[in-house]
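# Observations on the three-dimensional arrangement
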Amino acid sequence: MTVVLGSNPARPGPTAVTPAVTPAVTPAAAVTRRPSEGSVHSWDVSTGVDGPGTRFVTFLAGCPLSCLYCHNPDTWRMRGGRRTSADDVIAEAARYRAFIAASGGGATLSGGEPLLQPVFAGELLHRMKHELGLHTALDTSGYLGGRATDALLRDTDLVLLDLKSWDRETYRRVTGRPLRPTLDFARRLADLGKEVHVRFVLVPGLTDARENVEGVAAFAGSLGNVARVDVLPFHTLGAGKWEALGMDYALRGTPPPSAAQVAAARAVFEGYGLRAV
């Protein structure tokens, strides 16, 4: 259920009472001396795919990667989003707070790439955690991990980290960018003891080579802070968006992996002591 800004979605579950929010000196406010704003593509209330429990997911606009299998290419450009204040996002999330808390869920920043807007992302994470009392998650490729301040990471309970490939050439083919920044960020998270869920998209003929899966698994297994690995089967559900945007979908004709291929990849991760789902 993706909610386009300005819509008025029905409230799920029990009616949540919007709390009175007292303005606080957040990391972003301390830097900017004014309310933080950012480019927001949309928000959503989802279950099972953006962290534990039911989540209020804010999709920030803009991404430095151009992944071949991206199912949200409409989030790549910051100018494709809507200028939105942190106050507005927090007020919207507050509507669902009671429902989300009852599910053991929380709030997730996704995109696009949230760390393309680190001040705004830091503001949202801080206020979701301290004003609304929600578990917080950051969904990121890690490519811009150097922009994540220590304060931002303190306000992040869980990082959903995309490790798209271990083979450097494959990674650049998939994303258009180098792998090294993501590995550096992963090691930093390990040093901080920050809980991580690794996400790996299994694409036949692209990322499914045994040595590639082994490389991702060995690295993730060496970190010590990876609580689970999501092996995500490639799909073409976003192909229509590419066409609507006049973009060439390079993976057209690529089949999804079979159940046996997905099971084999999960077994590789489990062989390195990781919980794979």
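Summary of the structure given here. (Residues numbered from 1 in each chain as written. Predicted model: local features only at pLDDT ≥ 70, side-chain atom pairs only at ≥ 80, totals over all residues. Heavy atoms only, no water.)

With that settled, the discussion passes to the pattern of salt bridges. Taken as a whole and judged by the stated rule, the model has 15 salt bridges. One network of salt bridges, with partners in common, ties together Asp87, Glu123, Arg127 and Glu131. (Salt bridge = Lys/Arg side-chain N within 4 Å of Asp/Glu carboxyl O.)

Here we come to the environment of Ala265. Relative to the helices and strands, Ala265 resides in helix α10 (residues 259–271). Sequence spacing of Ala265 and Ala217 is 48 residues, and the spatial spacing of their C-alpha atoms is 9.3 Å. Apart from residues no more than four positions distant in its own chain, Ala265 is found in contact with Leu202, Val213 and Val231. (Helix = DSSP H or I, 4+ residues; strand = E, 2+ residues; numbered from the N terminus. Contact = heavy atoms within 4.5 Å.)

Another aspect to go through is the side chain of Thr75. Tracing the backbone shows Thr75 in the loop between β3 (54–60) and β4 (82–85). The class for Thr75 is buried, based on a relative accessible area of 1%. A polar contact of 2.7 Å, which involves the side chain of Thr75, links it to the backbone oxygen of Asn72. (Buried < 20%, exposed > 50% of the residue type's maximum accessible area, 1.4 Å probe, protein only. Polar contact = N/O pair within 3.5 Å; in protein donor to acceptor, adjacent residues only side chain to side chain.)

A word on unusual backbone geometry. The omega torsion across Gly111 and Gly112 is 10°, close enough to zero to call that bond cis. Considering the arrangement of structural elements, one finds Gly112 in the loop between β5 (106–110) and α4 (118–130).

To continue, consider the pairing of strand β8 (residues 195–202). Judged by how many residues are buried, β8 sits mostly within the fold: 7 of 8 residues are covered. Sheet analysis places strand β7 (residues 158–162) next to β8, joined by 5 bridges and oriented parallel. Following the sheet pairing, Val159 is matched in β8 by Val196. Of the pairings in the sheet, the one linking β8 to strand β9 (residues 226–233) comprises 7 bridges and is parallel in character. (Pairing = 2+ DSSP bridges.)

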